[in-house]
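Residues per chain, in single letters:
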Amino acid sequence: MLHEEAIKLMRSDPALIAQALATLENWRDSGSTHSRFLWDEWSVILHRREWRRTLSTSRRGKELRQASPVPTILPPLVRAAVLEQVGALKKGVQLGSKPRATQKGVG
């Protein structure tokens, strides 16, 4: 969800793409090589604006999101609101529990 919000913002304000690229360059300059190949792919994605790859539910999409500079462009209030929504969704989904109507004897 963080990436969806960030991509919406970058579509409306392309200057935010430059901000994400600057973050990416700072990470590259840090000397860490563990995520280098993912950062290289992020550079291509940001320059070409290939957002679909970043939102993919594939294994590669998940890997990209783990090494993403994109959420760094979110304003703190937007970031907090998204994380709150995610937390609420996680609390609302309880695997293995019966639907509430059934628990109350209505189902």
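Note that the coordinates shown come from a computational prediction; the quantities given were computed from them, not determined experimentally. (Residues numbered from 1 in each chain as written. Predicted model: local features only at pLDDT ≥ 70, side-chain atom pairs only at ≥ 80, totals over all residues. Heavy atoms only, no water.)

1. Things to note about the overall build of the protein
Each helix and strand counted, the protein has seven helices and zero strands in total. Reading the secondary structure of the protein in the N-to-C direction produces α-α-α-α-α-α-α. Among the 107 residues that make up the protein, the fraction classed as buried is 30%. Of the contacts made within the protein by residues no fewer than 6 positions apart, 61% connect residues no fewer than 24 positions apart. (Helix = DSSP H or I, 4+ residues; strand = E, 2+ residues; numbered from the N terminus. Buried < 20%, exposed > 50% of the residue type's maximum accessible area, 1.4 Å probe, protein only. Contact = heavy atoms within 4.5 Å.)

2. Focus on the layout of surface pockets
By volume, the largest pocket is sized at about 240 Å³. Met1, Leu2, His3, Glu4, Leu55, Ser56, Thr57, Arg65, Gln66, Pro71, Leu83 and Val86 are the residues that line the largest pocket. Listing elements by their share of the lining of the largest pocket, those giving two or more residues are α1 (2–12), α5 (59–66) and α6 (76–92). By residue number, the principal contributor to the lining of the largest pocket is α1, which donates three residues. (1 Å grid on protein atoms, 1.4 Å probe; cavity = no way out; pocket = protein on both sides within 12 Å on 5 of 7 lines; lining within 4 Å. Points joined across faces, edges and corners; volume = space filled by probe spheres on them.)

3. Topic: the pattern of salt bridges
If you walk through the whole model with that rule in mind, you get nine salt bridges. Between glutamate 41 and arginine 53 there is a salt bridge whose closest N-O contact spans 3.2 Å. Placement of the pair is glutamate 41 in helix α3 (residues 36–48) and arginine 53 in helix α4 (residues 51–55), with a sequence separation of 12 residues. Classification of glutamate 41 by relative accessible area gives buried; the value is 15%. On the accessibility criterion, arginine 53 (32% relative accessible area) is partly exposed. A salt bridge links glutamate 50 to arginine 53; its shortest N-O distance comes to 2.7 Å. One network of salt bridges, in which partners are shared, links Glu41, Arg48, Glu50, Arg53, Arg59, Arg60 and Glu63. (Salt bridge = Lys/Arg side-chain N within 4 Å of Asp/Glu carboxyl O.)

4. Looking at the nonpolar core
Within the largest apolar cluster, 21 residues are counted, with the highest numbers of intra-cluster contacts made by Met10, Trp42, Leu46 and Trp51. Contributions of two or more residues to this core are made by α1, α2 (15–29) and α3. (Core = buried A, V, L, I, M, F, W, Y, C linked by side-chain atoms within 4.5 Å.)

5. Considering the packing of aromatic side chains
Counted under the stated rule, the structure contains one aromatic pair. An angle of 40° between the planes, with centres 5.9 Å apart, marks the rings of tryptophan 27 and tryptophan 39 as tilted. Within this pair, whereas tryptophan 27 is found in helix α2, its partner tryptophan 39 is found in helix α3, the two being separated by 12 residues in sequence. Under the relative-accessibility criterion, tryptophan 27 is labelled partly exposed at 27%. What makes tryptophan 39 buried here is its relative accessible area of 8%. (Phe/Tyr/Trp six-rings, centres within 6.5 Å; stacked < 30°, edge-to-face > 60°.)

6. Observations regarding the side chain of histidine 3
Mapped onto the secondary structure, histidine 3 falls in helix α1. Beyond its immediate chain neighbours, meaning those up to four positions away, histidine 3 contacts Trp42, Leu55, Arg65, Ser68, Val70 and Pro71.

7. Focus on the side chain of serine 68
Turning to its location among the elements, serine 68 is positioned in the loop between α5 and α6. We classify serine 68 as buried; its relative accessible area is 8%. Leave out the neighbours within four places in its chain, and serine 68 touches His3, Trp27 and Trp42.

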